[in-house]
Amino acid sequence: MLIVGRIGKPHGIRGEVTVEVRTDEPEARFAPGSVLRTEPGAVPPPAPAPASGAVYRVPETLTVESARWHQGRLLVAFEGVLDRDVAEALRGTLVGVDSADVAPPEDPEEFHDHQLVGLSVVTPTGERLGEVARIDHAPASDLLVLRRPEGKTALIPFVRAIVPEVDLAGGRVVVDPPGGLLDL
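Now for a quick tour of the structure. (Residues numbered from 1 in each chain as written. Predicted model: local features only at pLDDT ≥ 70, side-chain atom pairs only at ≥ 80, totals over all residues. Heavy atoms only, no water.)

1. Considerations on unusual backbone geometry
For Gln71, which is not a glycine, the phi torsion comes out positive at approximately 50°. Structurally, the position occupied by Gln71 is in the loop between β4 (61–70) and β5 (73–78). (Helix = DSSP H or I, 4+ residues; strand = E, 2+ residues; numbered from the N terminus.)

2. Some words on the pattern of salt bridges
Taken as a whole and judged by the stated rule, the model has 12 salt bridges. Here Arg147 and Glu131 are joined by a salt bridge, their closest N and O atoms 2.7 Å apart. Of the two residues, Arg147 is situated in strand β9 (residues 142–147) and Glu131 in strand β8 (residues 128–137); the sequence distance between them amounts to 16 residues. Since its relative accessible area comes to 26%, Glu131 is described here as partly exposed. Between Glu165 and Arg172 there is a salt bridge, with its nearest N and O atoms 3.5 Å apart. Among the charged side chains, a salt-bridge network with shared partners connects Arg6, Glu20 and Arg22. (Salt bridge = Lys/Arg side-chain N within 4 Å of Asp/Glu carboxyl O. Buried < 20%, exposed > 50% of the residue type's maximum accessible area, 1.4 Å probe, protein only.)

In structure tokens:
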């Protein structure tokens, strides 16, 4: 699954939610009628039941009813999410699309997260450092989360100065970390 957003807090009383966008194509991914899959286990523990006592379970898919930009944030209404209580139950849910339905990026310097996860991470001399466990999307830059052989993790800024090569066909990412980066 290719993550395209994370549902944030409700906006208003009619079920709209804010969405932390994680795609370069929000207008296409959040177009009315788009069906987005929800990430199992990505949701925080259930919030206290609303005054009505109803318990809402996050469905496997959500269909976009409408989307609009408001003060730099994407607001989305999903079909069947009609009030603030149900919108609150969606908070923290990751939404995405099937990676098989997404064309690979045209830019050879651009990658989808699922293309990088599982790749071997090596130094320019070929020393194995571990493998890519996931990609964290931080405000300053994306971070490769490196799973080290001893079980620890390390964060590597995904910038050309530190990650000079990504070889998808070879199944590896070349990393030239500055001294001490992997010890943090």
